[in-house]
Amino acid sequence: MMAAAAGPRRGRLGREARASLAAFLLGASVAALPVALGSPSALLAAPGLRGRLALALHVAGVNAALLLLYPRPLYKIAVRACFLGFAFGCGLLLSAGRSAWRHFGWYMCSLSLFHYSEYLVTAINNPRSLSLDSFLLNHSFEYNLAALSSWVEFTLEKLLFPELKQITWLSTVGLVMVIFGDCLRKAAMLTAGSNFNHIVQNEKSDTHTLVTSGVYGWFRHPSYVGWFYWSIGTQVLLCNPICMVGYALVSWRFFRERIEEEEITLIHFFGEEYLEYKRKVPSGLPFIKGVKVEL
C-alpha cells in the first residue's frame with residue numbers, strides 16, 4: 001500500500017461490489033439453519049445426519065442460485081464472496097455454542113470478514129484496481145502456509161492439551177487485537193482513498209498527493225500496523241503459542257522489508273516533503289524506522 005493518495009472518489013457501489021455483498025450475505029445465511037431446523041446452534045459441533053444434510057443442501061442451493069443469478073465474470077466474484085460469507089456464518093454458529101471450538105468460531109468470523117472487507121473497501125475506494133486478487137485469498141504461498149500451520153497447531157493442541165484452548169480471557173485479548181487491527185487497516189484504506197492499492201506503485205501519477213491526515217497522522221504506515229496486530233491477534237485468539245511467536249517474527253521481518261522498499265519510492269515521489277513527514281511521524285511498528293537516508 002502506498003501512503004501517497006489522491007482525494008477519495010466515492011460513489012455508488014458498482015455491480016461487482018453489489019454482487020459480492022449479496023453473495024456474502026447469502027453464504028452467511030447458513031447461520032440461520034438452526035432456526036429453520038428448530039434445533040440448537042450446536043449445528044457444527046454435533047451436526048448429526050440431519051444437520052449434515054441441511055448443510056449440504058444449503059451449499060448446493062446457494063451455489064445453484066449464484067449460477068442462475070450471475071454471468072461467469074460476476075459468478076467468479078460471487079462464489080468467493082459466498083465462500084467467505086459461509087465461513088463467517090459457520091463461525092457464528094461455532095461462537096454461539098459452548099463447545100471447545102467456540103474460540104475457533106471467533107477466528108473464522110475474523111478471518112473471513114478481513115478478506116471480504118478487503119474486496120469491498122477496494123470496490124468503494126478504487127474500483128479501477130478491483131480484481132479477484134482484491135480478496136487477498138491468493139496473497140502468497142507463505143501466507144497460506146502460515147494459515148494452515150495455525151489450524152494444525154490449534155487442532156493438535158486441542159487434542160493434546162484441551163485446557164490450553166479454553167483460556168477465554170486470552171482469546172478475548174486476541175479478539176480485541178483483531179478488531180483493532182482490522183479497523184485500523186480499513187480506516188487507512190478509506191483515508192488514502194482512490195489511490196490505495198494492494199501493490200506498491202513504482203510510477204507517480206499527476207493526482208498523487210502525500211496523505212498525512214487521519215490515521216496517517218498517527219503512523220506513516222497504518223495499514224501495515226493494522227495488519228501486523230491483526231495477524232498476531234488471530235494467534236492470541238486461538239491460544240497458539242508457537243504460531244503466535246512465529247507470526248510476530250515473520251510479520252515483523254516482512255513489514256520491515258516492505259516499508260523500506262516503499263519508502264524509497266515515496267522519497268523519489270515527494271522528496272523533502274516525505275522526509276519531513278518521516279521525521280515527524282513514526283512508522284507505527286516496533287523497532288522499524290524505515291529506510292535510512294544518507295544526507
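Positions within a chain are numbered from 1, following the residues in the order the chain's sequence is written. Totals for whole chains, interfaces and linings use every residue, but because this is a predicted model, local features are given only for residues with pLDDT of at least 70 and side-chain atom pairs only at 80 or more, for both listing and counting. Heavy atoms from the whole structure form the basis of all side-chain values; hydrogens and water molecules are not counted.

Regarding the overall build of the protein
To be explicit about the condition: Working definition: helices are DSSP H or I runs of at least four residues, strands are E runs of at least two. Numbering for both runs from the N terminus. Only heavy atoms matter for contacts: two residues are in contact if any of them lie within 4.5 Å across the pair. Surface accessibility follows the Shrake-Rupley procedure with a 1.4 Å probe radius. Residue values consider only the protein chains on display as shielding.
Along the protein, the regular secondary structure elements total 10 helices and zero strands. Ordered by position from N to C terminus, the α and β elements of the protein give α-α-α-α-α-α-α-α-α-α. Long-range contacts, defined as pairs at least 24 residues apart, comprise 79% of the intrachain contacts of the protein with a sequence gap of at least 6. Here the protein has roughly 15000 Å² of accessible surface; of this, 66% comes from carbon and sulfur atoms.

A short note on the side chain of N240
To keep things clear, this is the line we draw: The rule is simple: take the accessible area with a 1.4 Å probe, protein chains only, and divide by the maximum for that residue type; under 20% is buried, over 50% is exposed, in between is partly exposed.
Within the fold, N240 resides in the loop between α8 (222-237) and α9 (241-270). Accessibility expressed as a relative area gives 0% for N240, which makes it buried. Ignoring anything within four residues of it in the chain, the contact list for N240 reads S150, E153, F154, E157, K165 and Q235.

A look at the packing of α9 against helix α10 (residues 272-280)
The test is simple: Geometry is summarised by axes, namely lines fitted to C-alpha atoms with helices restricted to the contacting stretch, and by angles between N-to-C directions that run from 0 to 180 degrees. Orientation categories follow fixed angle ranges, with anything under 35 degrees roughly parallel, anything over 145 roughly antiparallel, 65 to 115 roughly perpendicular, and all other angles oblique.
Where α9 contacts α10, the two axes come as close as 6 Å, and the packing angle between them is 130°. With respect to their mutual orientation, α9 and α10 come out oblique. Of the residues in α10, those touching α9 at E263, L266, I267 and F270 are E272, E273, Y274, L275 and K278.

Describing the packing of aromatic side chains
Using the following cut-off: Think of it this way: a Phe, Tyr or Trp ring, Trp meaning its six-membered ring, pairs with another when their centres are within 6.5 Å, and the plane angle makes it stacked under 30 degrees, edge-to-face over 60, tilted otherwise.
Going through the model one piece at a time under the given rule, you end up with 17 aromatic pairs. Geometrically, the ring pair formed by F104 and F154 is tilted, given 5.1 Å between the ring centres and 40° between the ring planes. Taken together, the residues F104 in helix α5 (residues 102-125) and F154 in helix α6 (residues 141-160) connect sequence positions 50 residues apart. The exposure classification of F104 matches that of F154, with both residues buried.

Side note on the nonpolar core
Taken as a class, soluble globular proteins show a tendency for nonpolar side chains to be buried jointly. Put simply, the rule reads: Take the buried Ala, Val, Leu, Ile, Met, Phe, Trp, Tyr and Cys residues and link them wherever side-chain atoms come within 4.5 Å; each set so joined is a nonpolar core.
Residues Y216, W227, W230 and L285 are the most contacted members of the largest nonpolar core, which totals 45 residues. Counting residues per element, this core draws most heavily on α8, which supplies eight residues. The contact partners of L285, leaving out residues within four places of it in the chain, are Y224, V225, F228, F255 and I259. Counting residues in hydrophobic clusters, the runner-up holds 23 residues, among them A19, L74, A78 and F88.

Side note on the environment of E260
Summarising the element assignment, E260 is placed in helix α9. By relative accessible area, E260 is classed as partly exposed at 32%. Along the chain, E260 and I288 lie 28 residues apart, while their C-alpha atoms are 9.1 Å from each other. What E260 contacts, discounting residues up to four positions off in sequence, is G290 and V291.

Considerations on unusual backbone geometry
With a phi angle near 60°, L136 is a residue other than glycine that sits in the positive phi range. Mapped onto the elements, L136 comes out in the loop between α5 and α6. Residue classification places L136 among the buried residues on the basis of a relative accessible area of 7%. Within the chain, F287 stands out as a residue other than glycine whose phi angle is a positive 65°. Along the polypeptide, F287 turns up in the segment after α10.

Thoughts on the confidence of the model for the protein
For the record, the criterion: Here pLDDT means the predictor's own confidence in every residue, given as a number from 0 to 100.
Of the residues in the protein, 88% have a pLDDT of 70 or more, and the chain-wide mean is 89. Confidence scores differ between elements of the protein, with helix α2 (residues 33-37) showing the lowest mean pLDDT of 76 and α8 the highest of 98. Overall, residues 4-9 carries pLDDT values under 50, and its contacts beyond four positions in sequence, including any with other chains, amount to 24 contacts.

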